[in-house]
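Inside the fold
Okay, here's what each chain looks like letter by letter:
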Amino acid sequence: MPRIPFHYVDLRTFCYETEDEKRVESALRTFLPEEFEITRAESAGHHGDRIVVLSARVENADDVRHVLARLTELPEFDALLDELDDRVTDNTELFLRLDKQAAFRGDVRRGDGITLRAKVEAYPATKESAVGNAREALERAETLDSDQ
């Protein structure tokens, strides 16, 4: 089974007062393994409106494999690989925004609504090393589930 060079993957979305929380949670679950725990925190917007923050931290290697395998369903997956230099920070974190509406329908698209932040393992801890590790993991992500 290939090693996964990610310490964790964080997924987060906001549920605004005008949205159905169950539907927003369903959108977030599009990227998560079955029955995965989602953390819920209530907050208030600038005008006092209720905002619920739904988030999940994926740390187990098999669960990270699941998230990465879902990312390979992006129609512009090759473009994502080409953009890794811009999407990985000097702090070895990969950032990606995903479309919440598409996720509710079960589709994986880039867009607004869900934020993915993944801490990439890199030794030495440089951006270049992290980009290489992220690229390698994402390129083989389509076959990760079958490698188990």
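Up top is the structure these notes are about.
Residues numbered from 1 in each chain as written. Predicted model: local features only at pLDDT ≥ 70, side-chain atom pairs only at ≥ 80, totals over all residues. Heavy atoms only, no water.

1. Brief notes about helix 1 (residues 21-29)
- All of the buried residues in helix 1 are E21, V24, A27 and L28. For helix 1, the angular spread of buried residues about the axis comes to 120°, placing them on one side.
- Elements that come into contact with the buried residues of helix 1 comprise strand 1 (6-16), strand 2 (39-44), strand 3 (50-58), helix 5 (100-104) and strand 5 (113-120).
- With a side-chain oxygen positioned 2.8 Å from the backbone nitrogen of K22, the residue opening helix 1 is D20. (Buried < 20%, exposed > 50% of the residue type's maximum accessible area, 1.4 Å probe, protein only. Helix = DSSP H or I, 4+ residues; strand = E, 2+ residues; numbered from the N terminus. Arc of directions from axis to C-beta. Contact = heavy atoms within 4.5 Å. Polar contact = N/O pair within 3.5 Å; in protein donor to acceptor, adjacent residues only side chain to side chain.)

2. As for the packing of aromatic side chains
- For the structure shown, the criterion picks out 1 aromatic pair.
- With a centroid separation of 6.2 Å and 40° between ring planes, the pair formed by F14 and Y16 is classed as tilted.
- On the basis of relative accessible area, F14 is assigned to the partly exposed category, the value being 30%.
- Taking the ring centre of Y8 as reference, the NZ or CZ of R57 above it sits at 3.7 Å. (Phe/Tyr/Trp six-rings, centres within 6.5 Å; stacked < 30°, edge-to-face > 60°. Lys NZ or Arg CZ within 6 Å of the ring centre and 35° of its normal.)

3. A few points about the pattern of salt bridges
- Evaluation of the coordinates by the stated rule reveals 16 salt bridges.
- Here R70 and E73 are joined by a salt bridge, their closest N and O atoms 3.0 Å apart.
- On the basis of relative accessible area, R70 is assigned to the buried category, the value being 17%.
- A salt bridge links E136 to R140, with the shortest nitrogen-to-oxygen separation between them at 3.0 Å.
- Classification of E136 as partly exposed rests on a relative accessible area of 45%. (Salt bridge = Lys/Arg side-chain N within 4 Å of Asp/Glu carboxyl O.)

4. What about the side chain of D10?
- Tracing the chain through its elements places D10 in strand 1.
- Overall, the relative accessible area of 14% leaves D10 in the buried class.
- Residues contacting D10, with those up to four places away along its chain left out, are A56, R57, T115, L116 and R117.

5. Quick notes on the sheet that holds strand 1
- Strand order in the open sheet made by the 5 strands is 2-3-1-5-4, with antiparallel pairing throughout. Across the chains shown, the open sheet's two edge strands, defined by having one partner strand only, are strand 2 and strand 4 (93-99). Adjacent strand axes in the sheet meet at a mean angle of 20°, parallel and antiparallel pairs treated alike. (Pairing = 2+ DSSP bridges. Axes fitted to C-alpha atoms, helices over the stretch in contact; angles between N-to-C directions.)

6. Notes on the pairing of strand 1
- In terms of strand pairing, strand 1 meets strand 5 through 7 bridges, oriented antiparallel. Within strand 5, the residue paired with D10 across the bridge is R117.
- Here strand 1 pairs with strand 3 via 8 bridges, running antiparallel. Across the sheet, the residue bridging to Y16 is I51, located in strand 3.

The values are spatial; any link to function lies outside them.
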